Amino acid sequence: MAKKTFDFEKSMKRIREISEKMQLDELTLDESMKMFEEGSKLIEECQNYLETAELKVRKIIDKESGQAEEF
Amino acid sequence: MIHEDLQTVYSVGEITQYIKDIIDGNDALQNIYIKGEISNLTKASSGHVYFTLKDKSSQLPCVMFRNFGFSSTNFNFKQGDQVMIRGSFSIYVPHGRYQFYVREIQQAGLGMLYQQFLLLKSKLEEEGLFDEKHKKTLIEVPEKIGVLTSPDGAVIHDIIKTLKRKYPLTELLLYPVMVQGEQAAAQIIQGLYYFNTNPDIDVIIIARGGGSFEDLSCFNDEKLARAIFNSIKPVISAVGHETDFTIADFVADYRAPTPTAAAELAVPDILDITNEINESKLFWLKQIQDKVSDQKIYLDDTFRNIHQQIKRNIKSAKKELYYYARISGSSSLREKLKVFQLQLIERINKKHKNSFFQLKMNEYRSLESLHKTLKKTKLNFQNNIMERIFINKRFLESEQQKINMLDISSTLKRGFSISMKGDKLISSVNDIEIDDQLTTIFKDGRLISKVKNINK
């Protein structure tokens, strides 16, 4: 299986973090804009991920080695 | 054809009583145990309880009399319950009906197995294996879910169906185990070990469908209970139906009434996540818009102040211009001054408006840096305007002189002359004093003279 380049949970965590920081008064507009750009990118990635996701089901066929096959 | 005189003829009551005596006198039918399922349950207002005990092949009418120590109020069994009853057969003569008179009732299968279950439950409970403080929390978005169940049957398919619908972003790894019989507990323990040593697994589901107390007894295994307790990964137990409880359910971090509910519990809803993501962006935009409108208010104020300042400057410039116009006493000069004034005001306004327009265009991107540089540029801008007004004033003054000259040249041609003191026109003897040096302009030249005498 290909190594994942996108970490959904981490992205979600960052999105929530941004939402929290965005509420702070001391955050300058410039910083807000930068965060917005970063967040928008994450959101796009998450949306793509959500759209393409498909449940994978595998069954272990060899309990010793943990070898599994599509179920 | 029945011949009465050849046969003994009984009345209904006689023969019924006769049969009753036989049954009552037969030890094989007295004080015996029968097991079956409760149906047609009636709790009479008299306090007696009536039901039919049935199994696949037959049914038996049963009665429990209040004076036997039962009452419809403390009768805890319900329709469909598997029970074991103790009592005796007899016949209720008025109805000619045989029935079973119940002396004692208990849940069926409450033998050794149930006793063991209760013992183990209280033992583990005392040890603290069921304590809330040991319950692990579920990860919000599991990447991989380990399922311990039979690969056959509805359970695994219910779980797959639920995950596909609610959160298809995950991966399900099925570790097939027997869910009934002697080997079941050991297999499930192995599965728990396997999933605990597999770092990708975020949560483990142990599931099986409903069954009898005996069928589920492998989930009342002490070793399995300890394996669940020792699991590093959170365990959701979904064994049997909603009403069935096993030791595995008590010790697991979460108990789900059905396999479907276990899958529901393990994952978030993809719709909730999608909504959250979409709402985040809107929320951010709102935050930024609030910040921008704060900045805009600030900038608007600043520009309004500058605007006021410019207006004041223009006003004072205007005053001065009027002054020159007035002292020059010339109407055409006034006209020209007016035009020049308008041009000047327009130029200043235009510059001002352009800046303001550009500001609006770019404000969403650059309000912040504008805000920072504004303090500096505000001064420069102001100075610049002031300088422009000053230069224009100087220009105006020199223009005014030229205009003055043009305006008076026709008068000069007619032989008149104009006297000036410095760069000021002399229109009255009150403007001069003795010994003042005057310049007198003629149509073809100028002379400089000294005042010797003034006659008023």
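The coordinates are above.
Quick caveat: nothing in here was measured; it's all calculated off a predicted structure. (Residues numbered from 1 in each chain as written. Chains lettered and ligands numbered in written order. Predicted model: local features only at pLDDT ≥ 70, side-chain atom pairs only at ≥ 80, totals over all residues. Heavy atoms only, no water.)

J.: I would appreciate a short explanation of the overall build of chain A in the present structure.
T.: In terms of regular secondary structure, chain A is built from 2 helices and 2 strands. Counting all 71 residues of chain A, 38% fall into the buried class. For chain A, contacts bridging at least 24 residues in sequence account for 36% of all contacts bridging at least 6. About 4,900 Å² of surface is accessible on chain A, with carbon and sulfur atoms providing 46% of the total. (Helix = DSSP H or I, 4+ residues; strand = E, 2+ residues; numbered from the N terminus. Buried < 20%, exposed > 50% of the residue type's maximum accessible area, 1.4 Å probe, protein only. Contact = heavy atoms within 4.5 Å. Areas by Shrake-Rupley, 256 points an atom, 1.4 Å probe, with all protein chains shown as cover.)

J.: Honestly, the pairing of strand β2 (residues 49–54) of chain B in this entry has me stumped. Any pointers?
T.: A regular strand carries its side chains on alternate faces of the sheet. Residue and element names in this part refer to chain B. Across 5 bridges, strand β1 (residues 32–43) lies against β2 in antiparallel orientation. Among the inter-strand pairings, Ile38 is bridged to a residue of β2, identified as Leu53. Relative to strand β3 (residues 59–64), β2 runs antiparallel, the two being bridged by 6 bridges. Across the sheet, Phe51 pairs through a bridge with Cys62, a residue of β3. Where β2 folds back on β3, the antiparallel hairpin that results is connected by 4 residues. (Pairing = 2+ DSSP bridges.)

J.: Sorry, what's going on with the sheet that holds strand β4 (residues 82–92) of chain B here?
T.: The strands making up a sheet associate through backbone hydrogen bonding, with each pair oriented either parallel or antiparallel. One closed barrel holds the 5 strands; their spatial order is β1-β2-β3-β5-β4 (chain B), and the pairing between them is mixed. The sheet shows a mean angle of 55° between the axes of neighbouring strands, taken without regard to direction. (Axes fitted to C-alpha atoms, helices over the stretch in contact; angles between N-to-C directions.)

J.: Can you walk me through the interface of chain B and chain A in this structure?
T.: When the parts come together, some accessible area is lost, and that loss is often what is quoted as the size of the interface. Listed per partner, the contact involves 45 residues of chain B and 41 residues of chain A. Summed over both partners, the interface of chain B with chain A buries about 3,800 Å², with 66% contributed by carbon and sulfur atoms. Area buried by chain B at its contact with chain A is led by B:Ile277, B:Trp284 and B:Lys291, which between them contribute 19% of it. The interface formed by chain B and chain A includes 3 salt bridges. Across the pair A:Arg16 and B:Glu140 runs a salt bridge whose closest N-O atoms are separated by 2.9 Å. On inspection of chain B and its partner chain A, the count reaches 12 residue pairs in polar contact (both at pLDDT 80 or more). Of all the elements in the fold, those that place two or more residues in the side of chain B that touches chain A are α3 (154–166), β7 (171–176), α4 (184–197), α8 (270–328) and α9 (331–413) of chain B. The element that contributes the greatest number of residues to the side of chain B that touches chain A is α8(B), accounting for 16 residues. (Buried area = accessible area lost by both parts, 1.4 Å probe. Salt bridge = Lys/Arg side-chain N within 4 Å of Asp/Glu carboxyl O. Polar contact = N/O pair within 3.5 Å; in protein donor to acceptor, adjacent residues only side chain to side chain.)

J.: Looking at this model, I keep getting lost on the pattern of salt bridges. Mind explaining?
T.: Pairing between side chains of opposite charge can happen when their charged atoms approach one another. The final tally for this structure, using the stated rule, is 17 salt bridges over all chains. The partner of A:Arg16 in a salt bridge is B:Glu276, with the nearest N and O atoms 2.5 Å apart. On the criterion of chain membership, the pair formed by A:Arg16 in helix α1 (residues 8–22) and B:Glu276 in helix α8 is interchain, its members lying in two chains. Three or more residues are tied together by salt bridges with common partners; here these are B:Lys123, B:Glu127, B:Glu222 and B:Arg226.

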